[in-house]
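# Breakdown of the fold
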Amino acid sequence: MLNKHVKFLVIGSGIAGARAALELAQFGEVIVLSKSKTRESNTEYAQGGIAVTLNKGDCTELHYKDTISAGAGICDRKATKVLVQEGPSKVRELVDWGTKFDKIKGHLDFTLEAAHSRKRILHAKGDATGREISQTLIRRLKALSNIHLWAHCCATDLLIGSSGCEGVRFIDTKNGKIQEIRSNRVLLATGGVGAAFQETTNPSIATGDGFALAVKAGAILSDMEFIQFHPTALKLQGKRRFLLTEALRGEGAYLCDAQGNRFMDKYHPLKELAPRDIVSRAIVQETRKTRDVSAFLDLRHFDPKFIEKRFPTVSSLLFQFNLDPGKNLIPVFPAAHYIMGGIVTDLWGRTSIPGLYAAGEVACTGAHGANRLASNSLLDGLVFGARSGQAMNGPLSKWSLKLVGKSHKTHLLENTETRVKKQHLKEILTAKIGILRNREQLKETLSFLGSIRAKKTCNIHETVTENIRLNGLVIATSALFREESRGAHTRTDMPDRDDENWMKHILVNKNDDAHDISYQDVVITEWEPQIRQY
């Protein structure tokens, strides 16, 4: 068994992990583990763009207000402020490193997306923004001799000792061997949990491994009930779900039924540009009324040459499936896309376990609240990835959480020999804890998930299945305890938002055979009056 020690260990090579590794390179040797190929991550598939206040007439205060509004009131104001204030310098940095964002007449081309009050979304190659940023960061990583990229490494356990996190155990998926790397500075940047659901825009590797690692190690998770479903994933029978970027609606695409009738005006004054949670619920409700299997995206009023130039990835994809956007309505349906919750961190990536840090989608700073504003995810990875890298070179310490309210325990009955297929597990989670939830279904889910456990082996498929199960338990537990509807969490049995009782975060950590539940109040602060334009 390999037993190596390294100064800094980063698990995940998406935007947050790569940006953190670049920050760490100035302080010592860094190993970056990837579950699949180094470039395979949620970042690679991000079409929509990156939100940043570099456009004339825009300012960080407006970006802050838009983020708070989309977040349904429970954004951590300090984290949101850090995100929008430090974003511009981090994006300028990407430009200096060679990232080729789209331009018009030599100037950066900013576009509009849902719930933004200004044009502030940058794209690269139309709808390949994540890929362009990923290529830039990986290129820089490969140029540094003290950064080592290890692909095909699936983390199975964090190594926890008396001083805190001391490394990771992983499966080398090329030969099936168990390996360990020792380090007392470990960053989880493993992305999201979308692939735990039957329909997702995420790559197949996004099974929430980082959340499961943290749960097993005793770290605290927060806001896990808030899962964003992207409204417009291409829905074709027997095909995987492909993201159709929100920028299409930003440019004027319509949502309609099979007869071409628009319906978003019944749900929100911003129509197609309403926040994602509202658009996703509207599509589900309309398809139930019409008994159609999907809603449709109408691009027929666009100049076909504009679609081909502005959205080359989407255009190529549609023609691959014999869909002509100039003639055909495009079938779409919501798919699991992004989780606002995650491992609780402070503003520097520190978790409740000394030596363990988290950044990107796997982390929860609270910046996104109950519903992430479109195109803030890449910005989050840049800003908090860099901050985590800075903190990892500092003193070894954990972040002390101040919890409010009584602690509740949910006991789990676990039979270690009961097996379940991964696909069946995904179907259960999609049906029971997807876009619409209720108490009965959540309790059924907890009972089912608590009665099974994947057999512990060095098989990657068993490991991933168990990770999905653990994540389902935490998500269902959080969704059961939040007795209201807010943002991306919708309870059909409790359809109203309840600010009097639920302006708080739900925190979960596993303790032996139970989940401990506690609460943390949302702190409401106002933006100091300082208007700055870029």
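Please refer to the structure higher up on the page.
Described below are features of the structure shown in this document. Computed from a prediction, not measured in an experiment: that's the story for all the values here. All residue numbers refer to position in the chain's written sequence, counted from 1. Where local features are concerned, this predicted model is filtered to residues with pLDDT of at least 70; where side-chain atom pairs are given and counted, the filter is 80 or more; whole-chain, interface and lining totals use all residues. Only hydrogens and water are removed before side-chain values are computed, so all heavy atoms of the structure are retained for them.

This next bit is on the side chain of His337. For His337, the position within the fold is in strand S19 (residues 330-339). Each residue is assigned to one of three classes by its accessible area relative to the maximum for its type, calculated with a 1.4 Å probe on protein chains only: buried under 20%, partly exposed between the two thresholds, exposed over 50%. A relative accessible area of 14% places His337 in the buried class. Contact partners of His337, with chain neighbours within four places excluded, come to Thr201, Asn202, Gln228, Phe229, His230, Leu243, Arg276, Glu361 and Arg372. Under the DSSP-based scheme used, a helix requires at least four consecutive residues in state H or I and a strand at least two consecutive residues in state E, with every element numbered from the N terminus. We call two residues contacting when some pair of their heavy atoms lies within 4.5 Å.

Moving on to unusual backbone geometry. For Ala115, which is not a glycine, the phi torsion comes out positive at approximately 70°. Overall, the relative accessible area of 18% leaves Ala115 in the buried class. Within the chain, Asn322 stands out as a residue other than glycine whose phi angle is a positive 60°. Relative to the helices and strands, Asn322 is located in the loop between helix H9 (312-320) and S19. Looking at Asn322, the relative accessible area reads 70%, which means it is exposed.

Right, let's talk about the packing of aromatic side chains for a bit. The description of an aromatic ring pair uses the distance of the two centres, along with the angle that the planes make with each other. Between 30 and 60 degrees the pair is tilted, below 30 it is stacked and above 60 it is edge-to-face, where a pair is any two Phe, Tyr or Trp rings, Trp via its six-membered ring, whose centres lie within 6.5 Å. Counted by the stated rule, this structure contains 6 aromatic pairs. Ring geometry for Phe242 against Phe321: centres 5.9 Å apart, planes inclined by 45°, an arrangement best described as tilted. Of this pair, Phe242 sits in strand S16 (residues 242-243) while Phe321 is found in the loop between H9 and S19, placing the two residues 79 residues apart along the sequence. Accessibility expressed as a relative area gives 19% for Phe321, which makes it buried. Three or more aromatic residues link up through ring pairs in this structure, and these residues are Phe302, Phe306 and Phe311. Only when the NZ of Lys or the CZ of Arg is both within 6 Å of the ring centre and within 35 degrees of the ring normal is a charge said to sit over the ring. Over the face of the ring belonging to Phe333 we find Lys235, whose NZ or CZ atom lies 4.5 Å from the ring centre. The cationic tip of Lys504 hangs over the ring face of Trp502; the distance from NZ or CZ to the ring centre is 5.6 Å.

Here strand S2 (residues 8-11) shows a buried face lined by Phe8 and Val10 and a second buried face lined by Leu9 and Ile11. Two strands qualify as a pair provided DSSP detects at least 2 bridges between them. Both S2 and strand S3 (residues 30-33) contribute to a ladder of 4 bridges, which runs parallel. The residue of S3 that forms the bridge with Leu9 is Ile31. If the strands point away from the viewer and the path from the first strand over the helix to the second runs clockwise, then the crossover is right-handed. Note on the crossover from S2 through helix H1 (residues 15-24) to S3: the handedness is right-handed.

Another point: the sheet that holds S2. Spatial strand order, S9-S3-S2-S13-S21: 5 strands in an open sheet with parallel pairing. Each having just a single partner strand, strand S9 (147-150) and strand S21 (356-358) make up the two edges of the open sheet. Mean inter-strand twist for the sheet, computed between neighbouring axes without regard to direction, equals 20°. Interaxial angle, 0 to 180 degrees, is taken between N-to-C directions of lines fitted to C-alpha atoms, where a helix line uses only the stretch in contact.

Side chains of residues three or four places apart in an α-helix project in the same direction, reflecting 3.6 residues per turn. For helix H4 (residues 129-142), built from 14 residues, the straight-helix expectation of 20 Å at 1.5 Å per residue is met to within 8% by its first-to-last C-alpha distance of 20 Å. Restricting attention to buried positions, one finds in H4 the residues Thr129, Gly130, Glu132, Ile133, Ser134, Thr136, Leu137, Ile138 and Leu141. Residues of H4 that are buried in the fold lie against H1, strand S4 (50-51), helix H3 (77-96), strand S8 (121-122), S9 and helix H10 (377-392). The span one expects for a helix is its residue count, reduced by one, times 1.5 Å.

It is worth spelling out empty space enclosed by the protein at this point. Cavities and pockets were defined on a 1 Å grid built from protein atoms only: a cavity is a group of points that admits a 1.4 Å probe but offers it no way out, a pocket is an open group of points flanked by protein on both sides within 12 Å along at least five of seven lines, and a lining residue is one with an atom within 4 Å of any such point. Grid points are joined across faces, edges and corners, and a volume is the space filled by probe spheres set on the points. Following the criterion strictly, the structure yields 5 cavities of 30 Å³ or more and no others. Residue lining of the second largest cavity: Ile227, Gln228, Phe229, Asp277, Ser280, Arg281, Gly434, Ile435, Ala488 and Thr490, and that is the complete set. Contributing elements (two or more residues each) for the lining of the second largest cavity: strand S15 (227-234) and helix H7 (276-290). Residues are grouped as follows: Ala, Val, Leu, Ile, Met, Phe, Trp, Tyr, Cys and Pro are nonpolar; Asp, Glu, Lys and Arg are charged; all remaining types, including Gly, are polar. Here the residues of the lining of the second largest cavity are counted per class, giving 4 nonpolar, 4 polar and 2 charged.

As a packed pair, H3 and H10 sit with axes 8 Å apart at the nearest point and diverge in direction by 95°. Classified by the angle their axes make, H3 and H10 are roughly perpendicular. Along its contact with H3, which presents Ala79, Val82, Leu83, Glu86, Gly87, Lys90, Val91 and Leu94, the element H10 presents Leu379, Asp380, Leu382, Val383, Phe384, Ala386 and Arg387. Oblique is the label for any angle not under 35 degrees, not over 145, and not in the 65 to 115 range, which are roughly parallel, roughly antiparallel and roughly perpendicular in turn.

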